Amino acid sequence: MMQATPVPPRSILVIVLGFGVWTVAFVGLYAVNAIGCAFAWPSTVQRAVMIGLALVASGSMMAVAGWSIGHWRRAANAPRPAPGLARIGAMGSTAALAATILVFAPSLFASMCL
């Protein structure tokens, strides 16, 4: 008879945390862009705010990816399915970090308002 193993809530959270943080940062970045364009902020001010937000988002994503990888290492000896879920979460957070860098990089050089 198979015995059910409870899944720790942290293992479920780590799966969605990376792209959850990425989503909040993405919406925030584009909201700041839209507000700056609507209120005709000077381009230097708008670019500085966008770069600052991109740096904060990248730092947050690095922290989430580091935490996820640490959780994966700690969960290696846990009963199944925790190690597999932690691995999925660590890979997802690393992918979210890469997406953050690729998506937010144009805020460094692209024109703010078209």
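Quick caveat: nothing in here was measured; it's all calculated off a predicted structure.

A few words now on helix H1 (residues 9-38). For H1, which comprises 30 residues, the first-to-last C-alpha distance of 42 Å matches the rise-based estimate of 44 Å (1.5 Å per residue) to within 8%. Of all the bends in H1, the greatest, near 40°, is centred on Leu17. Regarding H1, the residues found buried are Ser11, Val14, Gly18, Trp22, Ala25, Leu29, Val32, Asn33 and Gly36. Phi for Ala40, located one or two positions after H1, is positive at around 55°.

Within the secondary structure, Val16 sits in helix H1. We classify Val16 as exposed; its relative accessible area is 52%.

It is worth spelling out the nonpolar core at this point. Ranked by size, the top nonpolar core spans eight residues in total: Ala25, Leu29, Val32, Met50, Ala54, Ala57, Phe104 and Met112. The set of elements that each furnish at least two residues to this core consists of H1 and helix H2 (43-74). The residues contacting Met50, other than those within four sequence positions of it, are Leu29, Val32, Asn33, Ser107 and Met112. Counting six residues, the second largest nonpolar core, distinct from the first, contains Trp22, Met61, Ala65 and Ala96.

Attention shifts here to a nonpolar patch on the surface. The grouping of Ile35, Phe39, Trp41, Val45 and Val49 at the surface amounts to a nonpolar patch, some 440 Å² of accessible area in total. In this structure Val49 comes out as partly exposed when scored by relative accessible area, which is 33%.

What follows is about the state of the cysteines. In a disulfide, the sulfur atoms of two cysteines are covalently bonded to one another. Within the structure shown, the criterion is met by one disulfide. Two residues share a disulfide in this structure: Cys37 and Cys113, whose sulfurs sit 1.8 Å from each other. Its torsion about the S-S bond being -100°, the disulfide of Cys37 and Cys113 is classed as left-handed. In this pair, Cys37 is assigned in helix H1 and Cys113 in the segment after helix H3 (82-104), connecting sequence segments 76 residues apart.

Criteria and thresholds
- Residues numbered from 1 in each chain as written.
- Predicted model: local features only at pLDDT ≥ 70, side-chain atom pairs only at ≥ 80, totals over all residues.
- Heavy atoms only, no water.
- Helix = DSSP H or I, 4+ residues; strand = E, 2+ residues; numbered from the N terminus.
- Expected span 1.5 Å × (residues − 1).
- Bend = angle between axes of the 7 residues up to and from the residue.
- Buried < 20%, exposed > 50% of the residue type's maximum accessible area, 1.4 Å probe, protein only.
- Core = buried A, V, L, I, M, F, W, Y, C linked by side-chain atoms within 4.5 Å.
- Contact = heavy atoms within 4.5 Å.
- Patch = residues over 30% accessible without salt bridge, like charges linked within 9 Å, V, L, I, M, F, W, Y side chains within 5 Å.
- Areas by Shrake-Rupley, 256 points an atom, 1.4 Å probe, with all protein chains shown as cover.
- Salt bridge = Lys/Arg side-chain N within 4 Å of Asp/Glu carboxyl O.
- Disulfide = S-S within 2.5 Å.

So far we have only geometry, and geometry alone does not tell us how the molecule works.
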